[in-house]
Amino acid sequence: MTIRPGLHISSTCFQVGGRHFTLSAIENVHTRQAGHDPLTRRAGAMAVVGMVLLGAFAPLLQPTGIVAAVAVLSGLAVLTLISARRRPRRLELWADYHGHPTQLFVSDDWWLFHAVERYLRRSLVEARLGHLTLPRPRPSRGVPHPSNMHPSRLTPGGSRAGWERAA
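Conventions and cut-offs
- Residues numbered from 1 in each chain as written.
- Predicted model: local features only at pLDDT ≥ 70, side-chain atom pairs only at ≥ 80, totals over all residues.
- Heavy atoms only, no water.
- Axes fitted to C-alpha atoms, helices over the stretch in contact; angles between N-to-C directions.
- Helix = DSSP H or I, 4+ residues; strand = E, 2+ residues; numbered from the N terminus.
- Parallel < 35°, antiparallel > 145°, perpendicular 65-115°, else oblique.
- Left-handed = near helix turned anticlockwise from the far one by under 90°.
- Contact = heavy atoms within 4.5 Å.
- Expected span 1.5 Å × (residues − 1).
- Polar contact = N/O pair within 3.5 Å; in protein donor to acceptor, adjacent residues only side chain to side chain.
- Pairing = 2+ DSSP bridges.
- Core = buried A, V, L, I, M, F, W, Y, C linked by side-chain atoms within 4.5 Å.
- Buried < 20%, exposed > 50% of the residue type's maximum accessible area, 1.4 Å probe, protein only.
- Phe/Tyr/Trp six-rings, centres within 6.5 Å; stacked < 30°, edge-to-face > 60°.
- Lys NZ or Arg CZ within 6 Å of the ring centre and 35° of its normal.

We now examine the packing of helix α1 (residues 38-57) against helix α2 (residues 63-86). Between α1 and α2, the shortest axis-to-axis distance is 8 Å and the interhelical angle comes to 155 degrees. Classified by the interaxial angle, the pair formed by α1 and α2 is roughly antiparallel. Crossing of α1 against α2: the hand is left-handed. Across the interface between the two elements, L39, T40, A43, G44, M46, A47, G50, M51 and L54 of α1 pack against A69, V70, L73, L76, A77, L79, T80, S83 and A84 of α2.

Take a look at the structure:
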């Protein structure tokens, strides 16, 4: 199945761009989250350091200096929150490939990442167990179709719906 150009999962291999991984050599598939975006980390660190410095030097500052420092720190805190929301952490798909930990796929798109993970896991199971065709149980109707509920066609009885079809 090709999810996007350059991203193909078949019954024998997993292809991401120019890299090919044979499914028989992939084991222990798991996910990780990468660290936050550098902008988010730096803005958060600057806000924390600024709060510590403001707390230490607040008795020495004029009221206007405190107001300015609080405004700057508030701006850094807002930047950190917006950056964390708009620049999500990357999701990484890792596995042991030929016995070595290998990063198979990376994306910050939640839907795409989980679609790739789901198809890869399904392909791995099918490659190891073979394609299973299990018979599906026929669903039973709890309530008869309205076309079968005309009083001339029903008799009281003990079926699941409480009525049986007249013979």
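Still to come is the rest of the account.
Look at helix α3 (residues 110-129): 28 Å from first C-alpha to last across 20 residues, which is about the 28 Å you get at 1.5 Å a residue. For α3, the elements touching its buried residues are β1 (2-4), β2 (7-9), β3 (13-16), β5 (26-33), β6 (91-97) and β7 (100-107). Where α3 begins, one side-chain oxygen reaches toward the backbone nitrogen of W111, 3.4 Å away; that side chain belongs to D109. Positive phi shows up at G130, right after α3, with a value of about 85 degrees.

Ordered in space as β1-β2-β3-β4, the 4 strands form an open sheet in which the pairing is antiparallel. Every interior strand has two partners, whereas the edge strands, β1 and β4 (19-22), have only one. Going across the sheet, the axis of each strand differs from the next one's by a mean of 15 degrees, ignoring polarity. Where α3 meets the sheet, its contacts fall on β1, β2 and β3, and the angle it forms with β2 comes to roughly 25 degrees.

Let us look at the nonpolar core. F14, I26, F105, V116 and L120 are the most contacted members of the largest nonpolar core, which totals 20 residues. Of all the elements in the fold, those that place two or more residues in this core are β2, β3, β5, β6, β7 and α3. Examining the composition of this core, we find that 5 residues originate from one element, α3, more than from any other. Dropping the residues within four chain positions of it, F14 is found in contact with L7, H8, I9, R19, H20, F21, L23, L104, F105, V116 and L120.

For the structure shown, the criterion picks out 3 aromatic pairs. An angle of 90 degrees between the planes, with centres 5.0 Å apart, marks the rings of F21 and Y97 as edge-to-face. Residue F21 is located in strand β4, and its partner Y97 is located in strand β6; the two are separated by 76 residues in the primary sequence. Taking the relative accessible area as the measure of exposure, F21 reaches 5% and is therefore buried. Its relative accessible area of 16% is what places Y97 among the buried residues. An aromatic cluster is defined as three or more aromatic residues linked by ring pairs; in this entry it consists of F14, F21 and Y97. Over the ring of W94 we find R32, and its NZ or CZ is 4.2 Å from the ring centre. Looking at R118, its charged tip hangs above the ring of Y119, at a distance of 5.8 Å from the centre.

Any link to function would need more than the numbers given here.
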